[in-house]
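Architecture and fold: a report
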Amino acid sequence: MKKYAAAATTALLALPLAACGDNDGGDDGGSSGRTTLTVFAAASLTTTFEELEEAFEADHPDVDVKLSFGGSSDLVAQITEGAEADVLASADTQNMDQLVEAGLAAGDPAEFATNTLTIAVPPGNPGGVKDLGDLADEDLAVVVCAPEVPCGNAAQQVAKAAGVTLAPDSEEQSVTDVLGKIEAGEGDAGLVYVTDVTAAGDKVEGIAFPEAADVVNHYPIVAVKDSAHADLAQQWVDLVLGDGQAVLAAAGFGPPGA
Amino acid sequence: MGARTRHVGLPRWIHVPALLAGVFVVLPVAALATRIAWADLPGLVTSPAARTALGLSLRTSAASTVLCLLLGIPLAVVLARSEARWLGPARSLVLLPLVLPPVVGGIALLAAFGRQGLLGTQLEAWGVQVAFSTIAVVMAQTFVSLPFLVVSLEGALRTAGERYDVVAASLGAAPTTVLRRVTLPLVLPGLASGAVLAFARSLGEFGATVTFAGSLEGTTRTLPLLIYNLRVTDADAAVAMSLLLVVVAVVVISLVRPRGAQ
């Protein structure tokens, strides 16, 4: 018996092999009387959308806004797989297009912000990084996003436009992962968005480089089709396109259409 | 075990939840098979990225299993045999990686061995670069897998008891000889299943690796990391790699099972 049990344990424990779960927001929002508005947003929108959440909830005391942040492609994949989202704010147009193609967007997405890349280094710039060309240095620990995700795609385009061959030591799944590696001092330099450096405060330093202007990321937002709270979803979109603009600008985002 | 006893009848109802448990585990993996693009499968699982990731996964998992054996056997023996009082709390601490989310394990490893970590600065001064290296992958895997080996082996040691050790010692064998010739051979099946568990856990390790080691093809991007990466752009490839990982895991498990289940 014991040996069978051991074998069964072996089989059981070995099976959950791959990825850990993505976070689904966790808590249930507590009180039952409140409507939950679920907003899926690109990781780079974390601080701004958290600020807008407070404003929105102040205006709508009966609404609990639940924010779920992640890579735009992850978010779109989750929605197409049936995740209940009311709004999607993506960090690029390609992933938004996928949502539209899947017939899951209510109306046309609207651009609400732009963002450009910058070099992030740990405080004090221990690697002595000066410009984009230094990110081709094999001796520096360079961290970028994987080419498959928007920030990685942008990094590749910027490097190409500048004629630089990046020498990454790690290709991360999201811009927050890149920033995490820089904040921890593991990486000497990383390519992230201007807004990420603003948000990180004094935990990282940003080094602007001229080639960044060649690749501008456009952020579209749309209400998800068949949302149970279509009117609230639209109000969130309106907030982001209206009063939210000041919050976005303060965080370092460029205006839409830039 | 021991003398063959007659079967005590099982309550009939128990087959229902038992079956349910089996279905719960097997169904998702079987469902994975329904998503496979069979026509493209051979091409997908033999792509350079897949081969590189599989090779890296097998090499690092083998290395971490060896490390688990080197470090885990002594630890399990001490936990099972020593009577020191502080061992109770120590056991809980050592088993911590079992309950920690792997990402937390990765952050903890960074705090200890990262470039700005507790020991990281010293390691760097010695010219040991852990960050973004294959060594970091092996360390992450060893960290999460070690408790599996220790728990298996400690349980086996306790079940085996100390009778034969005592006899061997009374016949004049030195402690090391007792350990090598009597204690460990008696728990070989437990040791083997512990090693397989550790290997399987290493093979599936994701969270600590991606946090501590990063993700770069050929250096740190193991099969689970590649699957995580691919599922964004190429869902078919991600499913194919998942199947590959399942097959490898099943092979590994079945390597030990026949002997264990005799």
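Residues numbered from 1 in each chain as written. Chains lettered and ligands numbered in written order. Predicted model: local features only at pLDDT ≥ 70, side-chain atom pairs only at ≥ 80, totals over all residues.

Turning to the packing of helix 3 (residues 48–81) of chain B against helix 11 (residues 188–204) of chain B, a few remarks are in order. All names here are of chain B. Viewed as axis vectors pointing N to C, helix 3 and helix 11 meet at an angle of 140 degrees, and their least axial separation amounts to 9 Å. In terms of orientation, helix 3 lies oblique with respect to helix 11. The two elements helix 3 and helix 11 cross, and the hand of that crossing is right-handed. Taking contact as the criterion, the partners of Ser 57, Thr 60, Ser 61, Ser 64, Thr 65, Cys 68 and Leu 69 in helix 3 are, on helix 11, Ala 195, Ala 198, Phe 199, Ser 202 and Leu 203. Of the residues assigned to the contact of helix 3 with helix 11, the class counts are six nonpolar, six polar and no charged. (Axes fitted to C-alpha atoms, helices over the stretch in contact; angles between N-to-C directions. Helix = DSSP H or I, 4+ residues; strand = E, 2+ residues; numbered from the N terminus. Parallel < 35°, antiparallel > 145°, perpendicular 65-115°, else oblique. Left-handed = near helix turned anticlockwise from the far one by under 90°. Contact = placed C-beta atoms within 7 Å. Nonpolar A, V, L, I, M, F, W, Y, C, P; charged D, E, K, R; others polar.)

Residues and elements named next belong to chain A. In terms of residue burial, strand 8 (residues 189–193) counts as a mostly covered element, since five of its five residues are buried. Burial along strand 8 is two-sided: the face carrying Ala 189, Leu 191 and Tyr 193 and the face carrying Gly 190 and Val 192 are both buried. Relative to strand 8, strand 5 (residues 117–121) runs antiparallel, the two sharing four bridges. Each bridged residue has a counterpart across the sheet, and for Ile 119 the counterpart in strand 8 is Leu 191. Bridge count between strand 6 (residues 142–145) and strand 8: two bridges; the pairing is parallel. Of the residues in strand 8, the one forming a bridge with Val 142 is Ala 189. (Buried ≥ 20, exposed ≤ 12 C-beta atoms within 10 Å, placed from the backbone. Pairing = 2+ DSSP bridges.)

This brings us to the nonpolar core. Among the nonpolar cores identified, the biggest contains 134 residues, and Val 87 and Leu 88 of chain A together with Ala 140 and Met 241 of chain B are the most heavily contacted of them. With 15 residues, helix 8 (residues 134–160) of chain B is the single largest residue contributor to this core. (Core = buried A, V, L, I, M, F, W, Y, C linked by C-beta atoms within 7 Å.)

Residues and elements named next belong to chain B. The N-to-C vectors of helix 8 and helix 11 enclose an angle of 160 degrees; their axes lie 8 Å apart at closest approach. The angle between the axes of helix 8 and helix 11 places the two elements in the roughly antiparallel class. The hand of the helix 8/helix 11 crossing is right-handed. Contact with helix 8, carried on its side by Gln 141, Val 144, Ser 145, Phe 148, Leu 149, Ser 152, Leu 153, Gly 155 and Ala 156, involves Gly 190, Leu 191, Ser 193, Gly 194, Ala 195, Leu 197, Ala 198, Arg 201 and Ser 202 of helix 11 and no other residues of that element.

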